[in-house]
Amino acid sequence: MALLLLRRGGGFAAATVLAVVVVALVLSCGGGAEAAVRDLRVGYYAETCPDAEAVVRDTMARARAHEARSVASVMRLQFHDCFVNGCDGSVLMDATPTMAGEKEALSNINSLRSFDVVDEIKEALEERCPGVVSCADIIVMAARDAVALTGGPFWDVRLGREDSLTASQEDSDNIMPSPRANATTLIKLFAGYNLTVTDLVALSGSHSIGEARCFSIVFRLYNQSGSGRPDPNMDPAYRAGLDSLCPRGGDENVTGGMDATPLVFDNQYFKDLVRLRGFLNSDQTLFSDNAGTRLAVRKFGEDQGAFFRAFVEGMIKMGELQNPRKGEIRRNCRVANAPAPPPVEAEVAATSKAVVLVDF
């Protein structure tokens, strides 16, 4: 059950993991915050907002028609949300004078995008069912639809999440891996959430759609591991193409497809890894640096059905990571709801009491 309660992050030492578990237990016993592990289920909004999933799907379809890349960007939000204190919509929150938001975390700044698509979905849902559908659930539904709309599998999502009241840039910095991450680091990260090597490789297949910046790969092209040379685990012809896309000293915000078919959700990503054509180091390492992940890469490259089944299983497992702290249903996904004013009756009673004390 610890999987559903709290993040694992900030390193993988046993003492850190133990401390996190202790905090989770304290929270579940009422120390410092109310435990709020929610019962997620398919059809959660069937009565309260029956068109919720259709609204999400239709908005995602329009976003894709407007900009094909946008749906992949929205799908990424589930990963960057759920791995940091559970699937609670915290990644959507804007920074405030008293809170450094997760959007400014090292792995997110100038990288995560298409927040406007989530805003559009939320606005449409608030018009139909005000105060009912959480931003956290929107992310999970939209991620599923991003896959289905681009040729991947469709699956039922369990819903009923609440939105967090805060975000944590520090937690995001401590948890989310960099594009330089190797297979060993990624395996440890996923294991902290009870996600297997198969889950890791399958979920990495989310890079079947979308693009990434030159910023994320220039070290592979010109200074892998401080060697002053390119990554040896890269097909020469592919590297030449990337050299042209991302020249030394060039614009690092230029983007390239993360596989050869970046608009179609398929198993081409794994075929590319076998051919040493992975865009990110954290992708190519799954084939080049670890026997266990290499086996899964080969399997998914040869059997798209197996990839789709494993991907769905991994998305469901990741989507059910929860934040134990009590949340809310945000009216605006970017900010926490304003505290409700006290009831008028309470104000009157307090004033009357104060008058009596003075007279007495």
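Above this note sits the structure.
Because the structure is a prediction, the values reported are computed rather than measured.

Asker: Explain the state of the cysteines here, please?
Answerer: Covalent bonding between the sulfur atoms of two cysteines is what defines a disulfide. Per the stated rule, a full pass over the model turns up 4 disulfides. Each disulfide pairs two cysteine sulfurs, and for Cys49 the partner residue is Cys129, the sulfurs being separated by 2.1 Å. Because the torsion about its S-S bond is 75°, the bridge between Cys49 and Cys129 counts as right-handed. Taken together, the residues Cys49 in the loop between α1 (14-28) and α2 (52-66) and Cys129 in the loop between α4 (115-128) and α5 (135-149) connect sequence positions 80 residues apart. Residue Cys129 is classed as buried on the basis of its relative accessible area, which comes to 9%. Disulfide pairing places Cys214 opposite Cys246 at an S-S distance of 2.0 Å.

Asker: Looking at this structure, how should I read the packing of α2 against α4?
Answerer: Any two packed helices are characterised by how steeply their axes cross, that is the angle between the axes, and by the distance between the axes. Contact geometry of α2 with α4 gives a least axis separation of 10 Å together with a crossing angle of 145°. You can see that α2 and α4 cross each other, and the crossing is right-handed. Residues Ala52, Val55, Val56, Thr59, Met60, Arg62 and Ala63 of α2 pack against Val117, Glu120, Ile121, Ala124, Leu125 and Arg128 of α4.

Asker: How do you make sense of the packing of aromatic side chains when you look at a structure like this?
Answerer: Aromatic ring pairs are reported here in terms of the distance separating the ring centres and the angle at which the planes meet. In total, this model carries 13 aromatic pairs according to the counting rule given. Ring geometry for Trp155 against Phe311: centres 6.2 Å apart, planes inclined by 80°, an arrangement best described as edge-to-face. One end of the pair, Trp155, is in the loop between α5 and α6 (169-175); the other, Phe311, is in helix α14 (residues 304-319), with 156 residues separating them in the sequence. One exposure class covers both Trp155 and Phe311, and it is buried. What links up through ring pairs into an aromatic cluster is the set Trp155, Phe265, Tyr269, Phe270, Phe300, Phe307, Phe308 and Phe311. Residue placement shows Arg180 over the ring face of Phe219; its charged tip is 4.1 Å from the ring centre. Taking the ring centre of Phe287 as reference, the NZ or CZ of Arg294 above it sits at 5.8 Å.

Calculation notes
- Residues numbered from 1 in each chain as written.
- Predicted model: local features only at pLDDT ≥ 70, side-chain atom pairs only at ≥ 80, totals over all residues.
- Heavy atoms only, no water.
- Disulfide = S-S within 2.5 Å.
- Helix = DSSP H or I, 4+ residues; strand = E, 2+ residues; numbered from the N terminus.
- Buried < 20%, exposed > 50% of the residue type's maximum accessible area, 1.4 Å probe, protein only.
- Axes fitted to C-alpha atoms, helices over the stretch in contact; angles between N-to-C directions.
- Left-handed = near helix turned anticlockwise from the far one by under 90°.
- Contact = heavy atoms within 4.5 Å.
- Phe/Tyr/Trp six-rings, centres within 6.5 Å; stacked < 30°, edge-to-face > 60°.
- Lys NZ or Arg CZ within 6 Å of the ring centre and 35° of its normal.

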